[in-house]
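# Topology and contacts: notes
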Amino acid sequence: MNVYPIQWKRVTTGIVLTSMLTVLAACGGNNGAENGNKSESGAAPSPTAAPTTETVATEEPAVEDAGKLVVYLNDFDAIIADMFKEATGYDVELVTGNGAEIMSRIEAEKGNPHWDIVWADMMPSIHGLGLQGQLLEGWEPENLSQVAEDFKAYIPENKTYFPTGAHASGIIVYNKNFYTEETAPKTWADFAKAEYKDQIATADPAIAAPAYPFVAALFDKAGGVEEGKAFFDSWFNNGLRVYPKNPQIVQALSGGEVKLAALQESNAYSMVNNNEPIGIIWPEEGAPASVRVAAIQKNTKNPNAAKAFIEFLLDAKTQQQLVDEGEEAYFDPAAQGVTARPDRAANAKLIAADAAWASQHEAEIKQWFADKAVK
Amino acid sequence: MFRLTNERLGWLVSIALLILVLYPLLAVVIQVLLPGVFFGNWVIGDLSLLLEIFKRPLWQKSLENSLLLGIGTTLIGTLLGGVLATVRSTWRFPTAGLLDAAVWLLLIMPSFILAQGWVMFSAQQGLAVNLFGWDWVPGAVFQPAGLTVIMTLSKFPLAYLSMKAAMEWKVQQLSDAARLGGASPIKVWATIQAPLLLPALLAGAALVFMDTIGDFGLPSSIAAIYRFPTLPYSIYSALYTSPIRFDMAGVLSFYLVLLISVAMLLQFAAMRRSRFDFMSGGAVPSVPKEAGKYRWLLAAGNIVFLLVIIGIPIGSSLMMSFMQAQGGGVKAENLTLANYAALFDGGFQLLHGLGRSLMIAASAAVIGLVVGLLVAFVLTYSQFRFRRGIEVLSLVTLAVPGVVLGIGYIFVWNQRWLEPLGLLLYGKPAILVLAAIAGAIPVITRIMVGAMAKVPQSFLHAAGLQGDSLLRRIRRILLPLMRGALLSAGLAAFGASVFDLAVNSVLFPPNYITFPVAINKSFEDMRFGYASAATILGGGVVVAIILVIELLFRRKEARS
């Protein structure tokens with residue numbers, strides 16, 4: 001039986017160890033090869049080139065940035081890095097994902113965060129990060145002076161995040177082949193009318209980033225959690241269909257599965273721009289807002305670049321450029337003196353739930369909605 | 001000494017699987033017990049969550065749907081895969097090669113893209129209704145039985161490949177003897193050939209089951225039309241709910257692992273007390289016979305089948321990739337090449353992503369092949385005491401959604417103490433390779449185990465008695481006998497890793513967008529035409545690579 005020389009053990013150990021090492025080596029290799037033309041990867045901290053233009057007038061210039069600024073965001077990823085580099089000279093690295101992906105990364109990284117800035121249209125969730133003590137507090141950007149008064153109201157007392165704009169997380173859209181402006185619903189309460197039974201879609205607040213602000217605002221408008229449940233029950237009883245995200249509502253609308261929806265505004269306008277037979281109604285009572293806010297990670301190693309990024313976002317010039325060139329261009333800019341898209345309704349009225357209230361009831365409302373939607 | 005060396009190998013394989021699979025998975029499941037453990041908080045979690053699955057409507061429904069879909073797909077998918085593999089290995093007919101290509105295509109295409117294709121076809125105003133006037137399609141598809149059929153048509157390749165690999169060799173003597181003894185071909189098949197294929201059949205069934213209950217693409221794409229929550233769907237909601245509930249994801253993942261463990265116990269029970277290492281001096285490579293007068297019938301049937309399984313899902317993507325507006329229909333003015341032109345815009349970002357994904361997938365396939373081979377060896381030839389455990393671990397990543405594994409990888413590879421060791425891999429491309437290996441291990445291992453089951457241990461013993469080392473025995477005896485399986489395993493792992501979205505979307509490093517992430521982003525941005533064009537391009541490149549490698553190796557085999 002015992003015919004296998006001792007060396008076999010070493011050989012096996014060798015193979016497996018080698019293969020394990022190969023894993024690491026191969027990966028290291030990838031790292032270099034892939035990023036060859038992109039200078040260093042995010043992992044190798046190298047001092048960033050000093051900004052070319054003087055933009056950061058912070059009080060403590062003594063603190064040096066340790067590496068490249070890392071921004072977690074869900075929109076504007078195509079243009080923001082170049083815009084920021086051009087405006088300030090700072091390099092920035094992006095992690096793009098939908099709201100949920102960004103939040104689960106931040107949450108899982110809690111012990112050792114990799115991000116410096118989070119910028120996304122989910123104020124309640126970012127408010128929650130502030131409550132957990134994950135955000136830099138008390139710093140006031142100079143460009144706050146450019147922000148309109150109604151937007152300043154969104155900034156919490158401890159100044160953990162700053163609004164850069166807001167868009168409707170839901171407006172009423174209808175398929176023109178079946179409805180006209182007259183026959184389509186005009187208020188949110190109309191969604192409970194028998195004539196619209198089984199034809200209405202909305203996004204799942206547990207999955208879509210802007211859908212929770214939508215639901216929360218209507219809960220708030222109804223007067224509280226119980227009243228909100230009763231309000232949405234009237235939709236559910238009317239055969240409301242809940243889709244995971246807004247693009248799936250778009251598909252359902254163009255595929256004819258549903259004829260009406262509460263749809264996020266950029267999605268709605270791009271359907272119109274794509275020549276889909278879609279009409280848009282801004283309810284007079286207001287469309288629930290989804291506020292895009294930016295916040296700095298508390299222990300950021302790149303405070304100068306991070307602050308410069310916030311200043312840059314609050315700048316009217318930046319926001320005008322986002323309106324003109326961004327893919328999520330339909331929004332109400334936070335800075336004064338910025339012109340919104342000309343085809344965006346002039347009577348666009350936004351309403352939002354109080355962020356603290358929305359954050360406090362987030363788990364409860366989402367769970368209720370999810371369980372309700374199954375039935 | 002033989003036992004001891006196998007023991008060594010067993011431990012090494014265990015450690016590899018521990019690092020790649022168990023530790024990250026436990027990191028998520030432990031959130032139920034100790035929610036703050038990775039952030040220095042020692043708080044006991046809410047264990048009553050474990051029972052919530054029997055109370056919360058969403059979870060209950062998810063469990064029900066998952067079981068229904070899983071069992072239904074397993075039964076039909078295994079049957080379909082088995083029949084097709086048998087036909088393919090028995091007869092030669094025109095277009096047979098296309099069946100193999102189609103199977104590969106289905107295997108590497110991410111399920112969300114296949115499902116999107118089915119949805120575009122069967123929706124209320126989809127291609128079926130608009131183009132062919134088949135009004136019954138939406139109603140037939142969007143119900144549990146319809147979804148099971150779609151799932152079957154997407155997942156049967158796992159059963160097909162498992163069976164086909166097993167049919168590469170056969171013991172003709174046994175069949176000949178039976179035929180001489182007067183048995184009909186059907187009787188020979190039922191009493192000799194089929195029973196010998198049992199391990200491959202069960203392995204295929206287990207794979208189909210696990211892949212089905214772990215699938216997220218179908219329920220999420222179908223959700224655009226028909227709400228059908230499954231366990232993975234609820235796991236996503238838990239992870240994607242803010243405040244994020246890692247503990248809930250942990251509970252649901254726990255149930256998924258439980259389900260696949262039960263499936264495997266059933267498989268073990270069915271195979272107990274049987275030996276299947278039939279290969280001996282009498283085994284010959286199986287060569288398909290001419291189908292004679294039935295060849296055109298078979299070819300026609302094959303084409304119709306391919307039109308359904310490939311034509312519908314991928315054809316829909318193909319059409320979409322040439323369309324301007326999704327709802328614009330197939331009209332001349334709605335046709336465009338702009339979507340393809342757009343792929344090359346913006347400094348070749350998308351192509352960079354494809355390059356990265358190909359590199360990651362290739363590394364993962366090569367390393368995964370080594371790990372998988374060793375795992376399969378331990379499972380097949382050793383008496384290692386934790387063999388069952390290894391087997392479960394080698395399959396877990398099939399059923400557990402990639403995003404759970406991804407979160408686990410962040411917990412594991414983002415701990416500060418790893419930094420001085422240079423092992424803080426989160427935020428580096430290396431972590432994508434590790435995760436891709438973990439994702440590829442089930443398929444590789446299953447294909448290898450299926451192939452090894454036929455090679456008797458006595459072959460290895462015999463060589464061992466002549467003084468050959470274990471390594472040489474693997475290289476000289478085992479590998480040549482299972483070259484086909486090795487190739488299949490490596491290519492399957494490669495193809496599937498390129499498109500693995502879930503892991504990529506939570507793990508990709510800053511400024512390191514991978515191909516599936518880019519595609520998914522354009523789907524989310526509603527650039528359906530662009531996303532479809534990217535899918536077609538990426539799928540085409542991957543299929544081309546696979547075909548070239550197949551051709552190179554198969555030709556070599558034919559020559560030798």
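Residues numbered from 1 in each chain as written. Chains lettered and ligands numbered in written order. Predicted model: local features only at pLDDT ≥ 70, side-chain atom pairs only at ≥ 80, totals over all residues. Heavy atoms only, no water.

- Per an unreviewed UniProt entry, chain B goes by the name ABC transporter permease and belongs to Paenibacillus agaridevorans.
- Looking at the Sequence similarities (unreviewed entry) heading of the UniProt record, one finds this comment for chain B: "Belongs to the binding-protein-dependent transport system permease family." (UniProt positions renumbered as here; feature names shortened; annotations may be inferred.)

- Under an unreviewed UniProt entry, chain A has the name Putative ABC transporter substrate-binding protein and belongs to Paenibacillus agaridevorans.

### Focus: the overall build of chain A
- When helices and strands are tallied, chain A shows 13 helices and 12 strands.
- For chain A, buried positions account for 61% of its 375 residues.
- Considering only residue pairs separated by 6 or more positions, chain A has 72% of its internal contacts joining residues 24 or more positions apart. (Helix = DSSP H or I, 4+ residues; strand = E, 2+ residues; numbered from the N terminus. Buried < 20%, exposed > 50% of the residue type's maximum accessible area, 1.4 Å probe, protein only. Contact = heavy atoms within 4.5 Å.)

### Focus on the pattern of salt bridges
- Within the structure shown, the criterion is met by 19 salt bridges over all chains.
- Glu140(A) is the salt-bridge partner of Lys159(A), the closest N and O atoms lying 3.7 Å from each other. Residue Lys159(A) is found in the loop between helix 5 (149-152) and strand 4 (161-168), and its partner Glu140(A) is found in the loop between helix 4 (123-131) and helix 5; the two are separated by 19 residues along the sequence.
- Here Lys61(B) and Glu64(B) are joined by a salt bridge, their closest N and O atoms 3.8 Å apart. Taken together, the positions of Lys61(B) and Glu64(B), both in helix 2 (residues 57-90) and three residues apart, correspond to about one turn of that helix.
- What makes Glu64(B) partly exposed here is its relative accessible area of 47%.
- Linked by salt bridges that have partners in common, Glu226(A), Lys229(A) and Glu364(A) make up one network. (Salt bridge = Lys/Arg side-chain N within 4 Å of Asp/Glu carboxyl O.)

### Here we look at the pairing of strand 8 (residues 260-263) of chain A
All names here are of chain A.
- The alternating pattern of strand 8 places Leu260 and Ala262 on one face and Ala261 and Leu263 on the opposite face, and all of these are buried.
- Relative to strand 8, strand 5 (residues 171-175) is paired through four bridges, and the arrangement is antiparallel. Bridging from a neighbouring strand, Tyr174 pairs with Leu260 of strand 8.
- Bridge analysis of strand 6 (residues 200-203) against strand 8 gives two bridges, and the strand direction is parallel. Within strand 8, the position partnered with Ile200 by the bridge is Leu260. (Pairing = 2+ DSSP bridges.)

### A word on the domain arrangement of chain A
Residue and element names in this part refer to chain A.
- According to the domain assignment, chain A contains domain 1 (69-167 + 291-345) and domain 2 (171-289 + 353-374).
- Taking the mean C-alpha position of each, domain 1 and domain 2 sit 26 Å from one another.
- Facing 22 residues of domain 1, the contacting portion of domain 2 comprises 19 residues.
- Roughly 1500 Å² is buried in total at the junction of domain 1 and domain 2, and carbon and sulfur atoms are behind 55% of that figure.
- On the domain 1 side of the interface with domain 2, the three residues burying the most area are Pro124, His167 and Tyr330, jointly 37% of the side's total. (Domains from an automatic or database assignment. Buried area = accessible area lost by both parts, 1.4 Å probe.)

### Structural notes on the side chain of Asp121(A)
Residue and element names in this part refer to chain A.
- Counting through the fold element by element, Asp121 comes out in the loop between strand 3 (117-120) and helix 4.
- Although Asp121 is buried, it makes no salt bridge; Arg292 carries the closest opposite charge, 4.0 Å away.
- A distance of 2.6 Å separates polar atoms of two side chains, one belonging to Asp121 and the other to Asn74.
- Beyond its immediate chain neighbours, meaning those up to four positions away, Asp121 contacts Asn74, Asp75, His167, Ala209, Pro210, Ser290, Val291 and Arg292. (Lys, Arg positive; Asp, Glu negative; His and termini not counted. Polar contact = N/O pair within 3.5 Å; in protein donor to acceptor, adjacent residues only side chain to side chain.)

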